[in-house]
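# Per-entry structural report
One letter stands for each residue in the lines below.
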Amino acid sequence: MTFRKVIVIGLDGLEPKIVRQLLEARELPHLASLASQGGFSRISTTHPAQTPVAWSSFATGTNPGGHGVFDFIRRDPELLLPEIALSRHVQRSPFLPPKAENLRRGIPLWQLLSNSGITSTVIRCPCTYPPDQVKGRVLAGLGVPDVRGGFGTPTFYTSANSVEQHESETVVQVELDVSGTASTVLFGPRNTKDGSDSRLSLQLEINRASRSLILRSDGKPNVLELKQASWSDWLRVKFKMGRLQSVAGMVRFFLVRLEPDLELYASPVNFDPKTPMFPISSPWDYAGELSRALGTFYTTGMVEDHTGLNNGRIDEAAFLDQCDQVLVERERMMAYELDRMKEGFFFCLFDTPDRVQHMFWRFREPHHPANRGAPVAEWRYVIEDHYRRCDMIVGRALEYADDRTLVIAMSDHGFASFQRAVNLNTWLHDNGFLALRDGLAPGVEVGDLLQGVDWDRTRAYAVGFGGIYLNLTGRERHGIVPDTVAADVAAEIADRLSDLRDTDRGEMPIRSVLRREDVYAGAFAEESPDLLINFADGYRVSSQTALGAAPAGVVVDNKHRWSGDHAVDPTLVPGVLFMNRPFKNDNVRMVDMAPTILNALGVDKGSAMEGRSVVR
């Protein structure tokens with residue numbers, strides 16, 4: 001049967017076991033309705049089980065070797081530096097402006113639909129920055145940076161002395177005078193010529209009578225009143241980059257407290273959807289259209305302020321409040337587009353289930369190291385509550401379905417506990433595969449970005465969330481492992497790493513170690529790590545490893561609020577799949593979804609796609 005419309009609601013990270021429990025308790029009525037009309041099953045995720053990897057396979061119908069996205073982080077074998085793996089900005093000539101490039105390759109299903117004259121609307125799918133030019137509309141998702149070029153760097157302002165700067169944030173100390181006034185700055189884009197930061201001046205003034213903070217700037221509005229324990233309205237700002245150039249952005253503030261020390265949290269500076277630094281939508285002004293029709297919205301790929309919570313700058317209530325605002329924004333976009341959809345393909349991703357589980361999983365486990373004796377009862381059922389909220393969104397989407405509409409609700413992966421972190425570079429060092437410079441031992445002094453590595457004595461190194469690269473001759477800049485022994489080195493690492501034991505718990509953190517050729521095939525397979533680590537439930541690679549560091553200790557407690565994850569053996573964290581039509585629910589994979597959608601709309605999948613249509 002050929003359908004007139006296909007509606008796909010992506011619910012990032014929904015875990016099958018939790019979904020099943022809530023279905024059995026009759027607490028997900030709209031997803032239950034979908035299942036009764038068609039079916040419900042698990043869906044095999046990608047290797048690794050990461051959001052950008054899985055949704056890229058959803059879009060292209062290929063394994064990661066066919067689209068080239070293997071992780072959030074990749075390494076440049078020439079520069080030997082970790083870098084963002086989803087997109088990049090390049091400036092090919094000093095006389096030309098920089099340009100954004102999407103690092104996801106392959107042909108997405110909406111391009112094939114466009115080639116057949118079928119309209120698509122794609123809202124916030126990962127790895128769509130900069131967006132594909134299609135017949136229809138695209139609003140880019142994960143991969144859109146903040147104005148400083150990263151996944152999202154917030155700023156924490158404080159009048160306290162000696163506040164330690166934590167991961168992925170900027171800490172600014174402010175000096176209040178006797179009247180409660182201070183001058184400070186908001187950091188903007190870096191100048192590509194000299195590496196300096198652009199800045200916007202801010203004036204802070206404590207209003208003790210109203211228990212608020214007055215923020216004055218050249219932004220809009222010029223005067224912004226901040227109430228304690230609540231999020232501010234958007235402040236639109238412009239950073240001067242030269243005599244004739246400026247960059248527009250938007251930022252929100254959360255006033256944590258006024259005393260005994262001032263604590264003020266500023267979100268990452270988002271692109272302004274009306275005038276983004278680089279294209280974030282297709283057509284170019286589609287983001288502006290949404291802003292004019294629905295109001296200002298977050299544009300960064302990592303929208304939810306998890307860094308603020310993870311670093312203890314905002315609390316759980318503030319984080320959930322912001323997540324709810326994001327969810328409302330996305331639901332408005334969904335309804336706006338479905339209201340005017342007559343035919344074709346619609347996709348909208350809701351990221352918040354993933355972020356909420358990352359930050360609140362610890363409350364499901366009273367003995368999780370991140371709890372450190374803190375009470376857990378207040379937040380114990382936050383995840384289940386969020387699933388119920390997602391079910392309501394699915395119900396709203398179902399209102400737009402008729403007998404010629406295929407409706408799909410799905411997640412890209414599930415979830416697991418993250419109680420213990422594995423420092424892969426530390427293990428490689430301790431086992432003679434990685435050497436450090438100047439007599440350094442694993443620890444803080446080594447630094448990140450692989451800067452402490454002695455490449456002339458290093459055979460292997462780790463970057464990203466679960467991959468190991470060999471230091472190959474002719475590939476890496478300072479490679480010392482010739483092709484003739486590469487397979488032996490890889491086999492030795494795999495055998496010894498598979499035997500790693502967490503002596504504190506008496507458990508095996510790693511289920512298996514696979515070679516790239518066992519997992520990937522396609523034009524870009526050789527860009528992947530040489531070895532892929534399948535972690536057990538409760539374990540994950542450390543965030544320091546992802547950025548090329550070698551901290552002290554091989555297996556350590558994860559005491560961060562980021563306490564749940566999915567970067568484990570993919571067989572442990574399948575996603576969920578619901579359809580309003582019967583489907584072949586045996587071993588459904590992410591690569592099957594693009595062929596299924598194309599077939600439903602009467603379009604051939606082409607030769608590149610590996611999957612099959614699963615609708616009966």
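Everything discussed here concerns the structure shown above.
Only a predicted model underlies this, so the values are computations on that prediction, with no experimental measurement involved. (Residues numbered from 1 in each chain as written. Predicted model: local features only at pLDDT ≥ 70, side-chain atom pairs only at ≥ 80, totals over all residues. Heavy atoms only, no water.)

Below, the discussion takes up the overall build of the protein. Along the backbone of the protein there are 14 helices and 31 strands. Here the C-alpha atoms of the protein give a radius of gyration of 24 Å, agreeing with the 25 Å that 2.2 N^0.38 yields for 616 residues. Once the C-alpha set of the protein is aligned to its principal axes, its extents read approximately 75 × 60 × 60 Å. Contacts in the protein between residues at least 24 apart in sequence constitute 66% of all its contacts with a sequence separation of at least 6. (Helix = DSSP H or I, 4+ residues; strand = E, 2+ residues; numbered from the N terminus. Rg over C-alpha atoms; globule rule 2.2 N^0.38 Å. Contact = heavy atoms within 4.5 Å.)

Quick look at helix 14 (residues 593–600) now. Of all 8 residues that make up helix 14, 7 are buried, and the element is covered over most of its length. Every buried residue belonging to helix 14 is among Met593, Ala594, Pro595, Thr596, Ile597, Leu598 and Ala600, and all of these are buried. Directly after helix 14, the chain includes Gly602, whose backbone phi takes a positive value near 80°. (Buried < 20%, exposed > 50% of the residue type's maximum accessible area, 1.4 Å probe, protein only.)

Inspection of the secondary structure puts Gln50 in the loop between strand 2 (39–43) and helix 3 (51–60). For Gln50, a relative accessible area of 1% gives the class buried. There is a polar contact of 3.2 Å between the side chain of Gln50 and the backbone nitrogen of Phe72. Apart from the residues within four sequence positions on either side, Gln50 is in contact with Asp71, Phe72, His413, Phe465 and His566. (Polar contact = N/O pair within 3.5 Å; in protein donor to acceptor, adjacent residues only side chain to side chain.)

Let us now look at the sheet that holds strand 13 (residues 212–216). Taking strand neighbours across the sheet as the criterion, the 4 strands line up as 11-12-13-14 in an open arrangement whose pairing is antiparallel. Two strands bound the open sheet, and with one partner strand each, they are strand 11 (181–190) and strand 14 (223–227). Across the sheet, the mean angle separating the axes of adjacent strands is 30° when strand polarity is ignored. Pairing between strand 13 and strand 14: 5 bridges, direction antiparallel. Bridging from a neighbouring strand, Ser212 pairs with Lys227 of strand 14. (Pairing = 2+ DSSP bridges. Axes fitted to C-alpha atoms, helices over the stretch in contact; angles between N-to-C directions.)

On to the nonpolar core. Where a protein is soluble and globular, its nonpolar side chains tend to be buried together. If you look at the biggest cluster of nonpolar residues, it comprises 96 residues, and the most contacted ones within it are Ile9 and Phe360. Among all residues touching Ile9, those that are not within four sequence positions of it are Met334, Phe346, Cys348, Phe350, Ile393, Val394, Ala397, Ile408, Ala409 and Met410. (Core = buried A, V, L, I, M, F, W, Y, C linked by side-chain atoms within 4.5 Å.)

Okay, the environment of Ile123 next. If you trace the backbone, Ile123 turns up in strand 7 (residues 120–123). Remark: the alpha-carbon pair of Ile123 and Val138, spanning 15 residues in sequence, is separated by 5.8 Å. Those residues in contact with Ile123 that lie beyond four places of it in its chain are Leu139, Tyr286, Arg330, Met333, Glu337, Phe346, Phe347, Cys348 and Leu349.

What follows is about helix 3. A large share of helix 3 lies buried, amounting to 10 of its 10 residues. Of the residues making up helix 3, those classed as buried are Thr51, Pro52, Val53, Ala54, Trp55, Ser56, Ser57, Phe58, Ala59 and Thr60.

Their axes nearest at 7 Å, the elements helix 2 (residues 29–37) and helix 10 (residues 382–398) cross at an angle of 55°. As far as their axial angle goes, helix 10 and helix 2 are oblique. On helix 10, the residues that touch Pro29, His30, Leu31 and Leu34 of helix 2 are Asp391, Met392, Val394, Gly395 and Leu398. Grouping the constituent residues of the contact of helix 2 with helix 10 by class yields 6 nonpolar, 2 polar and 1 charged. (Parallel < 35°, antiparallel > 145°, perpendicular 65-115°, else oblique. Nonpolar A, V, L, I, M, F, W, Y, C, P; charged D, E, K, R; others polar.)

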